[in-house]
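Working through the structure, step by step
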Amino acid sequence: MKVLVIGGGAREHALCRSLSLDPDVTALHCAPGNAGIAEVAELHAVDALDGAAVAELAASLRADLVVVGPEAPLVAGVADAVRERGIPAFGPSAQAAQLEGSKAFAKDVMAAAGVPTARAYVCTTPAEIDEALDAFGAPYVVKDDGLAAGKGVVVTSDLAVAREHALACERVVIEEFLDGPEVSLFAITDGETVLPLSPAQDFKRALDGDEGPNTGGMGAYSPLPWADPKLVDEVMETVLRPTVDELRRRGTPFSGLLYAGLAITSRGVRVIEFNARFGDPETQVVLARLRTPLASVLLNASTGNLAAEPPLRWSDGAAVTVVIASHNYPGTPRTGDVIEGLPEAADPEKGAEKAYVLHAGTALDADGHVVSAGGRVLSVTATGADLATARERAYEAVSRIRLDGSHHRTDIAAKAASA
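These lines cover the structure that appears in this document, whether it is placed above or below. (Residues numbered from 1 in each chain as written. Predicted model: local features only at pLDDT ≥ 70, side-chain atom pairs only at ≥ 80, totals over all residues. Heavy atoms only, no water.)

**Considerations on the sheet that holds strand E20 (residues 355-359)**
Judged by pairing direction, the sheet is antiparallel, and its five strands sit side by side in the order E12-E15-E18-E23-E20 without closing on themselves. Edge positions in the open sheet fall to strand E12 (201-202) and E20, since each of these has one partner strand only. Strand contacts of helix H10 (residues 282-289): E12, strand E15 (219-222), strand E18 (318-325), E20 and strand E23 (376-384), with the helix running at about 150° to E18, the strand carrying the most contacts. Against the sheet, helix H13 (residues 387-398) touches E15, E18, E20 and E23, its axis set at about 30° to E18. (Pairing = 2+ DSSP bridges. Helix = DSSP H or I, 4+ residues; strand = E, 2+ residues; numbered from the N terminus. Contact = heavy atoms within 4.5 Å. Axes fitted to C-alpha atoms, helices over the stretch in contact; angles between N-to-C directions.)

Quick look at the structure:
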């Protein structure tokens, strides 16, 4: 099987790593990729938002499967363009991807499907915004209706901050605050059959103790030792299957990766948001534990044959990912700094057994050095028999990496590992 992965972040590096280990994958390509992905896949220059260009590249490579990683190309219809060329694509249509592309659309789907979620108002005027903020009170949850690269949500007890963010959005969703721990649950679907993956938890705030601004995610771990063993079954019955059924009923079947961001509240499971693709950094830990070869699962989902797929196999151990971010992230990040210590970070002789580095925002400079090229630069991932071991290995590897001005959280999975 020849596979083309679209994207250039740590999520795509995790996907490429898993696909490169699959004996069924005979050729692996990625566009545009990054410095780390280049070690496991052949890179190609392409505008990931240009469906025609991506489809042409896939055809020229004689790809058997195209995996679209990021949300923006999905919302732009890249998967549709690939399928129109007769090539299987893993990723929803532009219409179905509105589940992530528009918070208001997602709320409408959930209401029709009876999916439990936070009460919300969709606002387009200052008067509507003030009314919604007043109705819910603090803490305020304000979400840009459209895509915002993980930075469109503000959760704050400061009314002025909440109102400022809301006014900056063309269309905004203001909703009630959901208490309780958050869980990410991915499911692979072909529009009918739904295959859940293992739950994970990510850390959105920039600083230890869940302080600081929201980010795209500063780390993650899997599995969740504190979660109810029946959680996946409950979410399948109350969230995932009803959502997939409702989209199919509307004539816009969802095929690809459906990501449910959940709050385990005092009143039960509630959906915070849907994403239409693998989440980052949860993908890094989920795929680290997946033992089933990935390519056939993605191909079966893309061709309507997921019902034939046997139950997924998982390792008994745990995985932890720690994100190393560049100076000033999640503000305007500084880029171009040389990254040192990458070989040592994944060297078993240096104490980083079963740890590896996934590149997110990296590039090669004119001298061939790996340099920072984005806000979240690296996802350092490690596995172990339990969370404590995986966590120790991840931070051991992090300690060997040097990037001027960088920062990372020191408490990823700490509470779960000590429970």
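**Quick word on the pattern of salt bridges**
Scanning the model with the defined rule gives 23 salt bridges in all. The residue Arg277 makes a salt bridge to Glu100 at a minimum N-O spacing of 2.7 Å. Of the two residues, Arg277 sits in the loop between strand E17 (268-275) and H10 while Glu100 sits in helix H5 (residues 98-101), which places them 177 residues apart along the sequence. Given a relative accessible area of 10%, Arg277 falls into the buried group. With a closest N to O distance of 2.4 Å, Glu396 and Arg400 form a salt bridge. Among the residues examined, Glu396 registers a relative accessible area of 25% and is labelled partly exposed. Classification of Arg400 by relative accessible area gives partly exposed; the value is 26%. Because the salt bridges share partners, they merge into one network encompassing Asp108, Glu246, Arg249 and Arg250. (Salt bridge = Lys/Arg side-chain N within 4 Å of Asp/Glu carboxyl O. Buried < 20%, exposed > 50% of the residue type's maximum accessible area, 1.4 Å probe, protein only.)

**Re the pairing of strand E9 (residues 172-175)**
If a strand is regular, its side chains alternate between the two faces of the sheet. Both faces of E9 are covered, namely the face carrying Val172 and Ile174 and the face carrying Val173 and Glu175. Across four bridges, the pairing between strand E7 (residues 140-144) and E9 is antiparallel. Bridge pairing in E9 links Val141 to Glu175.

**Some words on unusual backbone geometry**
Cis geometry marks the peptide bond from Ala31 to Pro32, where omega comes out at 0°. Relative to the helices and strands, Pro32 is located in strand E2 (residues 27-32). Across the junction of Tyr329 and Pro330, the peptide omega takes the value 10°, indicating a cis bond. Structurally, Pro330 is set in the loop between E18 and strand E19 (339-340). With phi around 55°, Arg62 is a residue other than glycine that occupies positive phi space. Relative to the helices and strands, Arg62 is located in the loop between helix H2 (51-60) and strand E4 (65-68).

**Focus: the sheet that holds E17**
Within the open sheet, the four strands sit side by side as E11-E10-E16-E17. Their pairing is antiparallel. The sheet terminates laterally at strand E11 (194-196) and E17, the two strands that pair on one side only. Across the sheet, the mean angle from the axis of one strand to that of its neighbour is 35°, orientation sign disregarded. As judged from the seven bridges shared by strand E16 (residues 256-265) and E17, these two strands associate in the antiparallel manner. Within E17, the position partnered with Ala260 by the bridge is Phe274. Across the face of the sheet, helix H9 (residues 231-249) comes into contact with strand E10 (182-189), E11, E16 and E17 while running at roughly 125° to E16.

**Concerning the packing of helix H7 (residues 126-136) against helix H8 (residues 159-168)**
Pairs of packed helices are described in terms of their axes, by the angle between the two and the distance that separates them. As a packed pair, H7 and H8 sit with axes 10 Å apart at the nearest point and diverge in direction by 145°. Crossing geometry of H7 relative to H8 is assigned as right-handed. Together, Pro126, Ile129, Asp130 and Leu133 of H7 and Leu159, Ala162, Arg163, Ala166 and Leu167 of H8 make up the contact between the two elements. Split by residue class, the contact of H7 with H8 holds seven nonpolar, no polar and two charged. (Left-handed = near helix turned anticlockwise from the far one by under 90°. Nonpolar A, V, L, I, M, F, W, Y, C, P; charged D, E, K, R; others polar.)

**Notes on the environment of Leu287**
Mapped onto the fold, Leu287 is located in helix H10. In the structure, Leu287 is positioned 65 residues away from Ser222 in sequence and 9.8 Å away in space, judged by C-alpha atoms. Apart from the residues lying within four places of it in its own chain, the contact partners of Leu287 are Ala14, Leu15, Ser18 and Leu294.

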